[in-house]
Amino acid sequence: GSLLAAEGLGKTYGATPALDGVEFSVHPGEVVAVMGPSGSGKSTLLHCLAGIVRPDTGTVRYGPHELTALSDARRSALRRSDFGFVFQFGQLVPELTGLENVALPLRLNGTRRKEAERQAREWLERLEVDGAAGQRPGEISGGQGQRIAVARALVTGPRVIFADEPTGALDSLNGERVLGLLTGAARDTNAAVVLVTHEARVAAYSDREIVVRDGRVKDVLAGLR
Ligand code: ADP
Ligand code: ADP
């Protein structure tokens, strides 16, 4: 069955409907691309699915949990333990080294420093960015920063990875490498991926593509890979 599923999602900002009756589901190990023009509601959908934004109508189910019915504290705890996030501009902590940035989510979960740094180093190697382990975000390239952001999202072993334009700041070669590593790592660990993008070449890394327009799902394209 599906790991994460939404029904009848609606969200309005002021007079602007951002989502209007959206259905969505993703299985473990599946990569779903959410496509659509700017302003169509992609980010709002991702934020509702991740429990960051509470929809006005509809439900989001994650495993046995009804996200929309949980308290803010329980939703935050679930996000921290089960979800990973990759955003367009890595959002790394500028004062911390690459290694410390990747180790941070483990430290916040209570993992001891040595063990957190051991696991962080493994992910930096896997993302082919261990050369930046000792450097701070201001000293590295955009491609290195985004790899570190991916390592940080994956280090806790999330069951769902949310990626919003994860390659938007990268040239196409670096972007494809990062996507290959992200989706490969997700398949290896049987994590689900929700990948928001407006680029067709990014969607080509998905198993299934949905197209959002004016807050509604317009198309579902299956079996791309
Ligand atoms: P996309 O990610 O496809 O660009 P968004 O989900 O960011 O689309 O936005 C969908 C619509 O909702 C747009 O009209 C946008 O301006 C509006 N919107 C999104 N977030 C907010 C917000 N926090 N406050 C007001 N309007 C918002
Ligand atoms: P995207 O690249 O996803 O389209 P945007 O630039 O539309 O991103 O939105 C960036 C952030 O600003 C999002 O968190 C969104 O919720 C918020 N946002 C978008 N539109 C508005 C708006 N009209 N008013 C307030 N916040 C907005």
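Where an unreviewed UniProt entry is consulted, the protein chain appears under the name ABC transporter ATP-binding protein, with the organism given as Streptomyces auratus AGR0001.

Student: I keep staring at the packing of aromatic side chains and nothing clicks. Help me out?
Tutor: Aromatic ring pairs are defined here through the distance separating the ring centres and the angle between the ring planes. In total, this model carries four aromatic pairs according to the counting rule given. Pairing Tyr-62 with Phe-83 gives two aromatic rings, centres 5.0 Å apart and planes at 80°, and the pair type is edge-to-face. Of this pair, Tyr-62 sits in strand β4 (residues 57-62) while Phe-83 is found in strand β6 (residues 83-86), placing the two residues 21 residues apart along the sequence. Each member of the pair Tyr-62 and Phe-83 is classed as buried. Each ring, one from Phe-85 and one from Phe-162, has its centre 5.4 Å from the other, and the planes form 15°; the classification is stacked. With Phe-85 in strand β6 and Phe-162 in strand β7 (residues 160-164), this pair connects stretches of sequence that are 77 residues apart. For Phe-85, a relative accessible area of 19% corresponds to the buried category. Feature note: the residues Tyr-62, Phe-83, Phe-85, Phe-87 and Phe-162 constitute an aromatic cluster, connected by ring pairs.

Student: Just checking my understanding: could you explain the site of ligand 1 for this structure?
Tutor: Taken together, the neighbourhood of ligand 1 is formed by Tyr-13, Thr-16, Ala-18, Pro-37, Ser-38, Gly-39, Ser-40, Gly-41, Lys-42, Ser-43 and Thr-44. Lys-42 is positioned with one of its side-chain polar atoms (N or O) 2.9 Å from an oxygen atom of ligand 1. Coverage of ligand 1 by the protein amounts to 58% of the 550 Å² it exposes when considered alone. Elements with a contribution of two residues or more to the shell around ligand 1: β2 (16-26) and α1 (42-49). Among the elements that make up the shell around ligand 1, the one with the highest residue count is α1 (three residues).

Student: What is the right way to look at the nonpolar core in this model?
Tutor: Across soluble globular proteins, nonpolar side chains show a tendency to be buried alongside one another. Of all hydrophobic cores here, the largest spans 37 residues; its most connected members are Leu-124, Ile-148 and Ile-161. If you list the elements that add at least two residues to this core, you get α3 (98-108), α4 (113-126), α5 (142-154), β7, α6 (172-189) and β8 (192-196). What Ile-148 contacts, discounting residues up to four positions off in sequence, is Leu-92, Gly-98, Asn-101, Val-102, Leu-124, Val-129, Ala-132 and Ile-140. Counting 30 residues, the second-largest nonpolar core is a separate cluster that includes Leu-49, Val-60, Val-160 and Val-196.

Student: Just checking my understanding: could you explain the pattern of salt bridges for this structure?
Tutor: Scanning the model with the defined rule gives 13 salt bridges in all. We note a salt bridge from Asp-20 to Arg-216, for which the minimum N-O separation is 3.0 Å. Here Asp-20 is found in strand β2, whereas its partner Arg-216 is found in strand β10 (residues 216-222), with 196 residues between them in sequence. Here Arg-54 makes a salt bridge to Asp-72, at a shortest N to O gap of 3.2 Å. Here the residue Arg-54 occupies a position in the loop between α1 and β4, and Asp-72 occupies one in helix α2 (residues 72-82), the gap between them amounting to 18 residues. Since its relative accessible area comes to 49%, Asp-72 is described here as partly exposed. Salt bridges sharing common partners tie together Arg-54, Asp-72 and Arg-75.

Student: I tried to follow α2 on my own but got confused; where do I start?
Tutor: Think of an α-helix as turning once every 3.6 residues; residues three or four places apart then point the same way. All of the buried residues along α2 are Arg-75, Leu-78 and Asp-82. Looking down the long axis of α2, one finds its buried residues gathered within 65° of arc, a one-sided arrangement. Where α2 is buried, its residues touch β4, β5 (65-66), β6 and β7.

Student: Is there a simple way to explain the confidence of the model for the protein chain in this structure?
Tutor: A low pLDDT means the predicted coordinates there should not be read in detail. When pLDDT is averaged along the protein chain, the result is 91, and 98% of the positions lie at 70 or above. Model confidence for the complex is summarised by a pTM of 0.86, with the ipTM given as 0.69.

Student: Teacher, can you tell me more about the site of ligand 2 here?
Tutor: Surrounding ligand 2, one finds Ser-38, Ser-43 and His-47. Burial of ligand 2 by the protein amounts to 24% of the accessible area it has alone, namely 560 Å².

Student: I tried to follow the environment of Ser-71 on my own but got confused; where do I start?
Tutor: Inspection of the secondary structure puts Ser-71 in the loop between β5 and α2. Put simply, Ser-71 and Lys-42 are 29 residues apart on the chain and 24 Å apart in space, counted from C-alpha to C-alpha. From its side chain, Ser-71 meets the backbone nitrogen of Arg-74 in a polar contact 3.1 Å long.

Cut-offs and rules
- Residues numbered from 1 in each chain as written.
- Chains lettered and ligands numbered in written order.
- Predicted model: local features only at pLDDT ≥ 70, side-chain atom pairs only at ≥ 80, totals over all residues.
- Heavy atoms only, no water.
- Phe/Tyr/Trp six-rings, centres within 6.5 Å; stacked < 30°, edge-to-face > 60°.
- Helix = DSSP H or I, 4+ residues; strand = E, 2+ residues; numbered from the N terminus.
- Buried < 20%, exposed > 50% of the residue type's maximum accessible area, 1.4 Å probe, protein only.
- Near = heavy atom within 4 Å.
- Polar contact = N/O pair within 3.5 Å; in protein donor to acceptor, adjacent residues only side chain to side chain.
- Areas by Shrake-Rupley, 256 points an atom, 1.4 Å probe, with all protein chains shown as cover.
- Core = buried A, V, L, I, M, F, W, Y, C linked by side-chain atoms within 4.5 Å.
- Contact = heavy atoms within 4.5 Å.
- Salt bridge = Lys/Arg side-chain N within 4 Å of Asp/Glu carboxyl O.
- Arc of directions from axis to C-beta.
- pLDDT = per-residue confidence, 0-100.

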